[in-house]
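Architecture at a glance
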Amino acid sequence: MEARVGPRMIAALNERQESSYRRATFRGKNGRGGKLTPYIAAVFVFGILLSYSLFRSALLSVLATRGSSSYFLPVASGLGLPQGVSVYAHDDTASPHFLGQASAVCPQAKPLVPSRHRALDEGLSKRFADETFKLEAYKALGGAVQIPTVSYEDLAPVGEDSRWDVFGELHEYLEKTFPRVYKSLNVTKVNTYALVLHWQGSDEDALPVLMTAHQDVVAADPAAIDAWVHPPYSGFYDGTWIWGRGSCDDKSDLVASFQAIDVLLEHGFEPRRTFVWAFGIDEESSGTQGAGHLSPYLEARYGTNGFALLLDEGGSPYGKAYGGDVIFAFPALSEKGYLDVQIEVTAPGGHSSVPPRHTAIGMLAAMLVKLEDNPHPPILTRQSSAFNATLCAAAYAPEYPEDVRRLALAAVHDDTALEELKDALLDRFGAEYDTQLRTTQAADVIAGGVKVNALPERAWAVVNHRIVEHSSVAAVQERLTDLLLPLAKRYNLTMDAWGHPVLGVGSGPAHLSLAVAYGYALDPSPVTPTGSEDAYQVLAGTIRGAIEQSARGYDGGAVVVVPQIERGNTDTSRYWNLTQNIVRYSHRREGDLYNGYHTVNEAIRAEGWLDGVRFYTKFILNCDEYL
């Protein structure tokens, strides 16, 4: 992986050359043009050559010192740069704010709009503007929300738990609402309720594109039902918002996929490339019954690395995150790792009137305090998505702290500036960067004791970890063992960690155990490549093109696509064998979600959701043409 330098710098140099030659002809007071003397012209040429030399040296310095990064891959050529570096995208974003080097540190894909399918795309735009179509589409999403396909943590496998049956109702609804889709595409059920849609293309040699979403939703807290403006499974459309659990996460993407396929079929689209959709059923819990079954099915049918590109839910809404007229969009090209740790202390019981100095609950409490007093340290590396996002913000954001902007530029090659940049980001932006730069830990579940006059014989807690890119499950386990070992010695506990005894700790009757809770752990995901020939360029170009063509909220400003890391985990954690090109992105504008995810009053702006349907159609058409 190498540094990426975009074509805007080259375009800027060409512009300077052209400007210099244009200025070789000037206008006098009477407006007539006059030629400069050969001497002055020679000075101009000398200046151009000197500027070129300095520019090339600076560019090579950036390439040499930028370091390895999956987000900054080779992109510049034509200036005597190292072999294999090439220009791939025209960067036409306006007003860069990074001392003239915006494209060098945050290259942008060319905005993509359908060309071969231009007439079809224009017809779709008219269809999306039709009020009857809009109401029918909103009704389709609302109807899906009304079916409470809740994913419970304690669900038994499919076939052993009747709570799965509601997914059958959702299938009946989808088939009734989108009969054209079921008639035209090959629809397969995996593990009874997971769905796969296959739209065969004419070119059997072209790798298919996979799009995913999930059918399940989190439960609505019964204690908070009265706080909802409209009931959590109402699917009510009030003229602006579509209300209910799943309206944002993730029946929005599920129904938008069906709606996009349906409208493309309605307009006679016949794909060259094959398109596949996979819809899981337990993304909000374990993922074992949905994506856990879909992944081996898809790999067996399409092969390892059998897809050109995978698009799943995720990312952050686009908007003017840094003020001014620049719109930032945030697809996620990687995910943090995942680890739940069960910390368990067992001790002899007895009557609480004759307690030991430390009970099992007391010792467990001391361990949790030790963890919270020692959070994982924040680390900023040049290979991280956080550094990439910072460079992009510093390069293009109209309103950005100037000291942070200067540090970001210096940090490209200066280690001291890199460390200062980390501190500045934490100071200025707080939690936004705190969760990106460190492995987070949260004690979420705790239990112990059965009666007030009986000493607890068992106390346990589960601590959730979201693992940063530069770390791993093994590293978190090692750190946790080292952190709690002194407490085990202090309390004279015997100890086991991760299935193995820890020797030389204590010899008392109480015991400390560290284990992976729920049997599931996940290292940070691979990072999607962003080179000139990588599929990411089509996705990024579609984002820019879709925003620039939107009649809703686009005022002609620049659109900047900034890859980031997904702090949570999606079903894509099961799909790493299917393709290296995995992007997590739901096309939504800032302000289109009423109250966010997994909380009361989940609702999506209807017009914003329809923009997501429009985005899917453009993405499909662009993949069919440009990928």
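Residues numbered from 1 in each chain as written. Predicted model: local features only at pLDDT ≥ 70, side-chain atom pairs only at ≥ 80, totals over all residues. Heavy atoms only, no water.

1. Examining the overall build of the protein
- Looking only at helices and strands, the protein features 17 helices and 21 strands.
- The buried share of the protein, taken over its 627 residues, is 54%.
- Taking as baseline every contact in the protein between residues at least 6 positions apart, the subset at least 24 positions apart corresponds to 78%.
- Accessible surface for the protein amounts to roughly 26,400 Å². Of this, 52% is attributable to carbon and sulfur atoms. (Helix = DSSP H or I, 4+ residues; strand = E, 2+ residues; numbered from the N terminus. Buried < 20%, exposed > 50% of the residue type's maximum accessible area, 1.4 Å probe, protein only. Contact = heavy atoms within 4.5 Å. Areas by Shrake-Rupley, 256 points an atom, 1.4 Å probe, with all protein chains shown as cover.)

2. Quick word on the side chain of H214
- Tracing the chain through its elements places H214 in strand β5 (residues 209-214).
- A polar contact of 3.1 Å, which involves the side chain of H214, links it to the side chain of E283.
- Those residues in contact with H214 that lie beyond four places of it in its chain are D249, D250, K251, L254, G280, E283, E284, E313 and D571. (Polar contact = N/O pair within 3.5 Å; in protein donor to acceptor, adjacent residues only side chain to side chain.)

3. Notes on the sheet that holds strand β14 (residues 458-467)
- The mixed open sheet is built from 6 strands, whose spatial order is β13-β14-β12-β17-β15-β16. Unpaired on one side and paired on the other, β13 (440-448) and β16 (500-502) mark the two borders of the sheet. Ignoring which end each strand starts from, the neighbouring axes of this sheet average 20° apart.
- Relative to β16, strand β15 (residues 494-497) runs antiparallel, the two being bridged by 3 bridges. For D496, the partnering residue across the bridge sits in β16 and is P501.
- Packing against the sheet, helix α15 (residues 473-490) makes contact with β12 (337-346), β13, β14, β15, β16 and β17 (511-522), and its axis sits at approximately 165° to β17. (Pairing = 2+ DSSP bridges. Axes fitted to C-alpha atoms, helices over the stretch in contact; angles between N-to-C directions.)

4. Observations regarding the packing of helix α4 (residues 118-129) against helix α17 (residues 606-626)
- Between α4 and α17, the least distance of the axes is 11 Å, while the angle of their chain directions is 170°. As far as their axial angle goes, α17 and α4 are roughly antiparallel. Contact with α4, carried on its side by L120, D121, L124 and F128, involves L610, V613, R614, T617, K618 and L621 of α17 and no other residues of that element.
- Considered class by class, the residues forming the contact of α4 with α17 number 6 nonpolar, 1 polar and 3 charged. (Parallel < 35°, antiparallel > 145°, perpendicular 65-115°, else oblique. Nonpolar A, V, L, I, M, F, W, Y, C, P; charged D, E, K, R; others polar.)

5. Some words on the sheet that holds strand β9 (residues 316-319)
- Sheet architecture is open: 3 strands sit in the order β9-β10-β18, paired in mixed fashion. Two strands bound the open sheet, and with one partner strand each, they are β9 and β18 (559-561). Adjacent strand axes in the sheet meet at a mean angle of 20°, parallel and antiparallel pairs treated alike.
- Sheet topology places β9 next to strand β10 (residues 327-330); 2 bridges connect them, and they run antiparallel. Bridge pairing in β10 places S316 opposite F330.

6. Comments concerning the confidence of the model for the protein
- Mean pLDDT for the protein: 87, with 84% of residues reaching 70 or above.
- Taken as a whole, residues 48-96 scores under 50 in pLDDT and shows 145 contacts with residues more than four places along the chain or in a different chain. (pLDDT = per-residue confidence, 0-100.)

7. Points about the pairing of β12
- Burial analysis of β12 places 8 of its 10 residues in the buried class, which makes it a mostly covered element.
- With 10 bridges joining them, β12 and β14 adopt antiparallel strand pairing. Of the residues in β14, the one forming a bridge with D340 is N464.
- Both β12 and β17 contribute to a ladder of 8 bridges, which runs antiparallel. Note that in β17 the partner of I343 across the bridge is L514.

8. Concerning the state of the cysteines
- Under the defined criterion, the tally for this structure stands at 1 disulfide.
- With its sulfur 2.0 Å from that of its partner, C106 forms a disulfide with C392. The sign of the S-S torsion, about 95°, decides the handedness of the disulfide formed by C106 and C392: right-handed. One end of the pair, C106, is in the loop between α3 (102-105) and α4; the other, C392, is in helix α11 (residues 385-396), with 286 residues separating them in the sequence. As far as burial versus exposure is concerned, C106 and C392 are alike and both buried. (Disulfide = S-S within 2.5 Å.)

9. Brief notes about the packing of aromatic side chains
- This model, assessed by the stated rule, comprises 23 aromatic pairs.
- On the numbers, 5.6 Å between centres and 65° between planes, the contact of F128 with F133 is edge-to-face. Both residues of the pair, F128 and F133, count as buried.
- On the basis of an interplanar angle of 35° and a centroid distance of 6.2 Å, the ring pair of F167 and Y193 is categorised as tilted. In this pair, F167 sits in helix α6 (residues 166-177) while Y193 sits in the loop between β3 (186-190) and β4 (194-199), placing the two residues 26 residues apart along the sequence. Exposure class is identical for F167 and Y193. Each is buried. (Phe/Tyr/Trp six-rings, centres within 6.5 Å; stacked < 30°, edge-to-face > 60°.)

10. Quick notes on the environment of G235
- Relative to the elements of secondary structure, G235 occurs in the loop between β5 and β6 (241-243).
- Along the sequence, G235 and G246 sit 11 residues apart, while their C-alpha atoms lie 9.1 Å from each other.
- In contact with G235, not counting residues within four places along its chain, are G142, V145, Q146, I242 and W243.

11. Comments concerning a negative patch on the surface
- The grouping of D165, E169, E172 and E175 at the surface amounts to a negative patch.
- Tracing the sequence through the fold places E175 in helix α6. (Patch = residues over 30% accessible without salt bridge, like charges linked within 9 Å, V, L, I, M, F, W, Y side chains within 5 Å. Salt bridge = Lys/Arg side-chain N within 4 Å of Asp/Glu carboxyl O. Lys, Arg positive; Asp, Glu negative; His and termini not counted. Charge placed at Lys NZ, Arg CZ, Asp CG, Glu CD.)

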